[in-house]
Amino acid sequence: MHHFNYKSGRLHCEDVDLHAIADEVGTPVYVYSSATLRRHAKVIQGAFDGQDCLIAYSVKANGNIAVLKTLAAEGCGADVVSGGELLKARKAGIPASKIVFSGVGKTREEMALGLREGIHQFNVESGAELLTLSEVALSMGKVAPVALRVNPDVAAGGHPNISTGKAGDKFGVPWADAPELYHQAKALPGINAVGVDVHIGSQIGDIAPMRAAFEKTIGLVKFLREQGHDLTRVDLGGGLGIPYKADDNPAPPSDYAQMIAEVTGNLGLQVILEPGRVIAGNAGIMISETLYHKPAPDRTFLIVDAGMNDLMRPALYQAHHDIIPLNEPGADHPSATYDIVGPICESTDKFAAQREMPELAPGERIAFMSSGAYGAVLSSQYNVRPLVAEVLVDGDKFAVIRKRPSFEEMMALEQIPDWLT
Ligand code: LLP
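Cut-off values and rules
Residues numbered from 1 in each chain as written. Predicted model: local features only at pLDDT ≥ 70, side-chain atom pairs only at ≥ 80, totals over all residues. Heavy atoms only, no water. Helix = DSSP H or I, 4+ residues; strand = E, 2+ residues; numbered from the N terminus. Expected span 1.5 Å × (residues − 1). Buried < 20%, exposed > 50% of the residue type's maximum accessible area, 1.4 Å probe, protein only. Arc of directions from axis to C-beta. Salt bridge = Lys/Arg side-chain N within 4 Å of Asp/Glu carboxyl O. Domains from an automatic or database assignment. Contact = heavy atoms within 4.5 Å. Buried area = accessible area lost by both parts, 1.4 Å probe. Polar contact = N/O pair within 3.5 Å; in protein donor to acceptor, adjacent residues only side chain to side chain. Nonpolar A, V, L, I, M, F, W, Y, C, P; charged D, E, K, R; others polar. Near = heavy atom within 4 Å. Areas by Shrake-Rupley, 256 points an atom, 1.4 Å probe, with all protein chains shown as cover. 1 Å grid on protein atoms, 1.4 Å probe; cavity = no way out; pocket = protein on both sides within 12 Å on 5 of 7 lines; lining within 4 Å. Sits in = over half its atoms within 2 Å of the grid points. Axes fitted to C-alpha atoms, helices over the stretch in contact; angles between N-to-C directions. Parallel < 35°, antiparallel > 145°, perpendicular 65-115°, else oblique. Left-handed = near helix turned anticlockwise from the far one by under 90°. Phe/Tyr/Trp six-rings, centres within 6.5 Å; stacked < 30°, edge-to-face > 60°. Pairing = 2+ DSSP bridges. Right-handed = clockwise from strand over helix to strand, strands pointing away. Points joined across faces, edges and corners; volume = space filled by probe spheres on them.

Considering helix α6 (residues 127-139)
At step 1: Here α6 spans 19 Å end to end across 13 residues, near enough to the 18 Å set by a 1.5 Å rise per residue.
At step 2: Turning to α6, its buried residues number three or more, namely E129, L130, L133, S134, V136 and A137. Buried residues of α6 fall within an arc of 165° about the axis and therefore sit on the same side. Seen from the buried face of α6, the exposed residues on the opposite side, beyond 90 degrees, are A128 and S139.

Remarks on the pattern of salt bridges
At step 1: With the rule as written, the count across this model stands at 19 salt bridges.
At step 2: Ionic pairing is found between R365 and D23, a salt bridge with its closest N-O pair at 2.9 Å. In this pair, R365 is assigned in strand β19 (residues 365-368) and D23 in helix α1 (residues 18-25), connecting sequence segments 342 residues apart.
At step 3: Judged by its relative accessible area of 57%, D23 is exposed.

Focus: the domain arrangement of the chain
At step 1: Domain annotation for the chain reports domain 1 (4-31 + 281-411) and domain 2 (103-273).
At step 2: Contacts between domain 1 and domain 2 engage 11 residues on the former and 9 residues on the latter.
At step 3: Summing both sides of the interface, domain 1 and domain 2 together bury roughly 790 Å²; the carbon and sulfur share of this comes to 51%.
At step 4: At the surface where domain 1 touches domain 2, the tally comes to 0 salt bridges.
At step 5: Our count for the contact surface shared by domain 1 and domain 2 stands at 1 residue pair in polar contact (both at pLDDT 80 or more).
At step 6: Of the residues contributing to the side of domain 1 that touches domain 2, the split by class is 3 nonpolar, 6 polar and 2 charged.

Here we look at the site of the ligand
At step 1: Around the ligand lies a shell of 18 residues, among which S202, E274, R313, Y317 and Y374 are the nearest.
At step 2: In the environment of the ligand, a nitrogen atom lies 2.6 Å from a nitrogen or oxygen atom belonging to the side chain of E274.
At step 3: Within the side chain of Y317, an N or O atom sits 2.7 Å from a nitrogen atom of the ligand.
At step 4: Summarising the interface, the protein chains cover 91% of the accessible area of the ligand, which totals 590 Å² for the free molecule.
At step 5: The pocket occupied by the ligand, as judged from atoms lying within 2 Å of grid points, is the largest pocket.

What about the packing of helix α2 (residues 34-47) against helix α3 (residues 65-72)?
At step 1: Where α2 contacts α3, the two axes come as close as 9 Å, and the packing angle between them is 45°. One element, α2, and the other, α3, form an angle in the oblique class. For the pair α2 and α3, the sense of crossing is right-handed. Facing α2, whose interface residues are S34, L37, R38 and A41, α3 presents V67, T70 and L71.
At step 2: Each residue belonging to the contact of α2 with α3 can be placed in one class, and the counts come to 4 nonpolar, 2 polar and 1 charged.

So, the packing of aromatic side chains
At step 1: Applying the stated rule across the entire model yields 4 aromatic pairs.
At step 2: Seen in terms of ring centroids, F101 and F122 are 6.1 Å apart; in terms of plane orientation they differ by 20°. Their pairing is stacked. Placement of the pair is F101 in strand β7 (residues 99-101) and F122 in strand β8 (residues 121-124), with a sequence separation of 21 residues.
At step 3: Owing to a relative accessible area of 0%, F101 belongs among the buried residues under this scheme.

Regarding the packing of helix α5 (residues 108-117) against α6
At step 1: α6 packs onto α5 with a crossing angle of 55° between their chain directions and a minimal axis gap of 10 Å. Taken as axis vectors, α5 and α6 run oblique relative to one another. Note on packing geometry: the crossing formed by α5 with α6 is right-handed. Contacts between α5 and α6 involve R108, M111, A112 and L115 from the first element and E129, T132, L133, E135, V136 and A137 from the second.
At step 2: Taken together, the residues that form the contact of α5 with α6 break down as 6 nonpolar, 1 polar and 3 charged.

Section: the pairing of strand β5 (residues 53-58)
At step 1: Counting buried positions along β5 yields 5 of 6 residues, so the element is predominantly enclosed.
At step 2: Inspection of the sheet shows β5 paired to strand β13 (residues 270-273) by 3 bridges, in the parallel sense. Bridge assignment links I55 to a residue of β13, and that residue is L273.
At step 3: For β5 and strand β6 (residues 77-80), the ladder comprises 3 bridges, and the chain directions are parallel. Residue A56 lies in a different strand from β6, and its bridge partner there is G77.
At step 4: For the handedness criterion, the β-α-β arrangement of β5, α3 and β6 is classed as right-handed.

Concerning the layout of surface pockets
At step 1: The space that makes up the largest pocket amounts to roughly 710 Å³.
At step 2: Around the largest pocket, the lining comprises 38 residues; the ones closest to its centre are K60, T164, F171, H199 and Y374.
At step 3: Among the elements of the structure, α10 (277-280) and α11 (313-317) are those that each provide at least two residues to the lining of the largest pocket.
At step 4: Partitioning the lining of the largest pocket into residue classes produces 11 nonpolar, 15 polar and 12 charged.
At step 5: Both domains that meet at the lining of the largest pocket, namely domain 1 (4-31 + 281-411) and domain 2 (103-273), each give it at least three residues.

Right, dumping it as structure tokens:
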């Protein structure tokens, strides 16, 4: 469910005509709906009503501070994977007590930042990281609350590039090593092992692999408790999928919550969840303008002003995004088949191959739907293209929440060494 709809033949975000945003801010531009973000946060939280549950929104999906602030106001915590994300979450007003710090490669500086802020939990991914965290905590006179991320060796079923829970993946500690690592953790003065963490991948539409991984994880919690570890939390990661196409049918949050209630039972555990995409994905679109038609012997390329540097998902994961015109096509509008490509000098700069859609003239505006998660956060300045702008809508208001840098601003970060001046 989202708030991007045609009104009087023009695509709107809530009550704002998207043409008005494109006129003022230019294209390409991301547009997010506050109402959709709030609704998704409420639906997820509502599904877990009655369970002791922390919804730690996964900042990596969309880390704009205004988006984080919108979600903070709904009571969300944050799952962060870098010092930068941690600082953004704090700046957005998310209390440290609702922040969990994930990721395989935390530096000492990042650990110290988390400890200074007093975050809820570090999700630790290796024995070496555990030792380092203990050292850093001790040097600060603190004890780090820790969950070890375990690798349950369960295939998530999504795109292989975003599966994280199989034995060959870099994520989590090998299943068989977990008991020994908890034993070691107990002896480390800077560590307090409070829980177990698992995350098996992203864009998972089917609950079965999640249930399998969570059942295994809860089995481990029980075993570790028997071994004398006082575990009070389980972090079950993110990963719930969203519909990208009309006929996609991912499991709804209610089924997911029901399954988690069944699996975690009455063990008195705080359940931590790290949803990203399910909150932000369908709350955002990217607007682009068509530039040229380029006929080739076997196809027509539709060249648009957005590139893979602005929206990486099709190039990285062959991901599908619905692409619709801002002007609603009439019933008798002809259709056409295009390869929709950007201006970047890479063959992977292709958003869609042989996509049948309403015929579009050069200079028309289009929306890449479902781009709110892993869209702007993955953007770059490749080909010296200014970082894509972002706009937040709330009702009939809109505001730029990340401005498009000028070329002067972009070049100001670069320096010419003495010997070249
Ligand atoms: N927790 C951890 C430890 C994660 O690694 C991730 C995502 C999440 C939570 C949030 O997962 P979500 O609820 O959003 O599925 N760029 C890819 C997705 C990469 C996901 C990385 N980790 C894409 O555009 O499909």
